[in-house]
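Below, each chain spelled out in residue letters.
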Amino acid sequence: MVMIVGYHFLVYGNDYSYLPPTSPDSFFIHLLLSGGKLGVDGYVLISGYFLVGRRFTIRRLFRVWLPVITFSLAIPLVFAWVQPGSVSGPNWLTAFFPVIFGIWWFATAYVLLYLLSPVLNLLIETLDRRHYAILIVAATLILSVIPTLINREIVGGDLVWFAYLYLLAGFVKLYGMAWAHRWRWGALAVAGLAYLTPAVVLPMYALFPVPVEWQTYLQPGLTTQTRLPMLIAAGGLVLFAVTSKLRPIPAVNYVAGLTFGVYLVHDHYLVRDWLWKT
């Protein structure tokens, strides 16, 4: 969540284009940009890992929806009280239907993913290992490998990407855990290298005569959540986490439970405009 907040700080609150590409500040900035998307992919992968094979329940859906609707209504109320006139009729309409109107793109996609999870679980149960592997390879090529090479999406959207991550996590859970336990440290090392890739590669156009069209390709492309570096980094990190025998730490679990609320507060459009633009 720290990386996601840092990512939003850079995207909404700062102009860093003036920094020399090879400066330490630029390197750190690209680490934060990568970290924001790493956090998205990692959160969905770990959710998929634990949701695959589990029964859909309204209670679990309610646990996701409750903080969304709570903050969606509470934040406009606070702004209407502190800054009279800052909240209009359309603001209240979206506040009552945050998922439908997409106040938070991630929350909307995540709620829809959970609603879709029974269908995805049924698909997973239907496929044998061979056909499941073919599906994952084909989806990886279409949704990540080719977009990484051409720097644009072929098909998809947030929900399609989240569904792919869900299926990927399910495949690893069902068929890849023996391998993952043997290679968890290797997975962590690969994740680290993938995470560093954008910060290392992007400044290269300042050191070498890279054509302008390649500069345009490299700058935004490698830190997008659907691109291979972010997918590999998130996948390796999640593999390491689920295969490590870590003892639960109550304080850490408590703080982790607050992170979704931090996201909902700081990335609400009213808070975002006030936080980063005033």
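Please read these numbers as outputs of a predicted model, since none were measured by experiment.

Enquirer: Help me get a handle on the overall build of the protein, residues and values and all.
Expert: The secondary structure content of the protein amounts to 15 helices and zero strands. Contacts in the protein between residues at least 24 apart in sequence constitute 80% of all its contacts with a sequence separation of at least 6. Summed over all atoms, the accessible surface of the protein reaches about 15400 Å², with 71% contributed by carbon and sulfur.

Enquirer: Report on the environment of L270, specifying residues and quantitative values.
Expert: Along the chain, L270 turns up in helix α15 (residues 269-277). Using a relative accessible area of 12% as the deciding quantity, one classes L270 as buried. Here the alpha-carbon distance between L270 and N91, two residues 179 residues apart in the chain, equals 9.4 Å. With residues up to four places along the chain from it excluded, the contact list for L270 reads I75, P76, F79, S86 and V87.

Enquirer: I'd like a description of a nonpolar patch on the surface, backed by residues and values.
Expert: Residues V137, L141, I142, I146, L149, I150, I154 and V155 make up a contiguous nonpolar surface patch of about 670 Å² in total accessible area. Positionally, I146 belongs in helix α7 (residues 129-150).

Enquirer: Lay out the nonpolar core in plain terms, naming residues and giving numbers.
Expert: If you look at the biggest cluster of nonpolar residues, it comprises 55 residues, and the most contacted ones within it are F106, F162 and Y164. Filtering out sequence-adjacent residues up to four positions away, F162 remains in contact with V40, V44, W105, F106, A109, Y110, L113 and Q225.

Enquirer: How would you summarise the packing of helix α3 (residues 58-82) against helix α4 (residues 89-96) if you had to cite specific residues and measurements?
Expert: Interhelical geometry of α3 versus α4 gives an angle of 155° and a closest axis separation of 8 Å. Considering their axes alone, α3 and α4 lie roughly antiparallel with respect to each other. Note on packing geometry: the crossing formed by α3 with α4 is left-handed. Where α3 abuts α4, its residues I69, S72, L73, P76, L77 and A80 lie against W92, T94, A95 and F96.

Enquirer: Which residues make up the side chain of D41, and what values do they have?
Expert: Checked against the element boundaries, D41 lands in helix α2 (residues 24-51). No salt bridge is formed by the buried D41; the nearest opposite charge belongs to K37, separated by 8.1 Å. Excluding residues that lie within four positions of it along the chain, D41 makes contacts with W161, L165, Q225, M230, L231 and A234.

Enquirer: Tell me about the packing of aromatic side chains, residues and numbers included.
Expert: Scanning all chains against the criterion turns up 16 aromatic pairs. Aromatic pair W105 and F106: ring centres 5.8 Å apart, planes at 85°, arrangement edge-to-face. According to the relative accessible area criterion, W105 is partly exposed, its value standing at 29%. Centroid distance W161 to Y164: 5.0 Å. Interplanar angle 35°. Geometry classified as tilted. Of this pair, W161 and Y164 both sit in helix α8 (residues 158-175), three residues apart, which is roughly one turn of that helix.

Enquirer: Requested: an account of the environment of A107, with residues and values cited.
Expert: Along the chain, A107 falls in helix α6 (residues 105-126). A sequence separation of 156 residues divides A107 from Y263, and the C-alpha atoms of the two residues are 9.5 Å apart. Sequence-distant contacts of A107, defined by excluding residues within four places in its chain, comprise V68, F260, Y263 and L264.

Enquirer: Give a description of α6 that names residues and reports values.
Expert: With 22 residues, α6 extends 30 Å from end C-alpha to end C-alpha; this agrees with the ideal 32 Å at 1.5 Å per step. If you look at α6, its biggest bend is around 45°, right at L116, and the proline P118 turns up within four residues after that. Those residues of α6 lying buried are F106, A107, T108, A109, Y110, V111, L113, Y114, S117, L120, N121 and I124.

Enquirer: So what's going on with the pattern of salt bridges? Which residues, and what values?
Expert: Scanning all chains against the criterion turns up two salt bridges. Of the charged contacts, one joins E153 and R227 as a salt bridge, the two residues approaching to 2.6 Å between their closest N and O atoms. Placement of E153 in the loop between α7 and α8 and of R227 in the loop between α12 (212-221) and α13 (228-243) is noted, with a sequence separation of 74 residues between them. Residue R227 is classed as buried on the basis of its relative accessible area of 4%. D267 is the partner of R272 in a salt bridge, and the nearest nitrogen-oxygen pair spans 3.2 Å.

Enquirer: Explain the environment of G53 to me, and be specific about the residues and the numbers.
Expert: By the secondary structure assignment, G53 is in the loop between α2 and α3. The class of G53 is exposed, set by a relative accessible area of 63%. Measuring from C-alpha to C-alpha, the distance between G53 and P118 comes to 8.8 Å, with 65 residues separating the pair along the chain.

Cut-offs and rules
- Numbering of residues starts from 1 in each chain and follows the order in which that chain's sequence is written.
- Totals for whole chains, interfaces and linings use all residues, but because this is a predicted model, local features are given only for residues with pLDDT of at least 70 and pairs of side-chain atoms are given and counted only at 80 or more.
- No hydrogens and no water enter the side-chain calculation; it runs on all heavy atoms of the structure.
- In this description a helix means any DSSP run of H or I spanning at least four residues, a strand means any run of E spanning at least two, and both kinds are numbered starting from the N terminus.
- Residues are treated as being in contact if the distance between any of their heavy atoms lies within 4.5 Å.
- Throughout, the Shrake-Rupley method with a 1.4 Å probe supplies accessible areas, and for residues the shown protein chains are the sole cover considered.
- Only protein chains enter the calculation, and the probe is 1.4 Å; a residue is then buried if its accessible area is under 20% of its type maximum, exposed if over 50%, and partly exposed in between.
- Patches here: salt-bridge-free residues with over 30% relative accessible area, like charges joined within 9 Å, nonpolar side chains (Val, Leu, Ile, Met, Phe, Trp, Tyr) joined within 5 Å.
- Any Lys or Arg side-chain nitrogen located within 4 Å of an Asp or Glu carboxyl oxygen qualifies as a salt bridge.
- Only buried residues count toward a nonpolar core, which is a set of Ala, Val, Leu, Ile, Met, Phe, Trp, Tyr and Cys residues joined through side-chain atoms within 4.5 Å.
- Orientation is described by axes fitted as lines to C-alpha atoms, over the contacting stretch for helices, and by angles from 0 to 180 degrees between their N-to-C directions.
- Angles below 35 degrees are treated as roughly parallel, those above 145 as roughly antiparallel, those between 65 and 115 as roughly perpendicular, and all remaining angles as oblique.
- For any pair of crossing helices, the crossing counts as left-handed if the nearer helix is rotated counterclockwise from the farther one by less than a right angle, and right-handed if it is rotated clockwise.
- The convention is simple: Lys and Arg are positive, Asp and Glu are negative, and His and the chain ends are not counted.
- Note on ring pairs: Phe, Tyr and Trp rings are taken, using the six-membered ring of Trp, and paired if centres are within 6.5 Å. Classes follow the plane angle, with under 30 degrees stacked, over 60 edge-to-face and the rest tilted.
- The span you would expect from a helix comes to 1.5 Å times its residue count less one.
- In this analysis the local bend is the angle between axes fitted, respectively, to the seven residues ending at and the seven residues starting at the residue.

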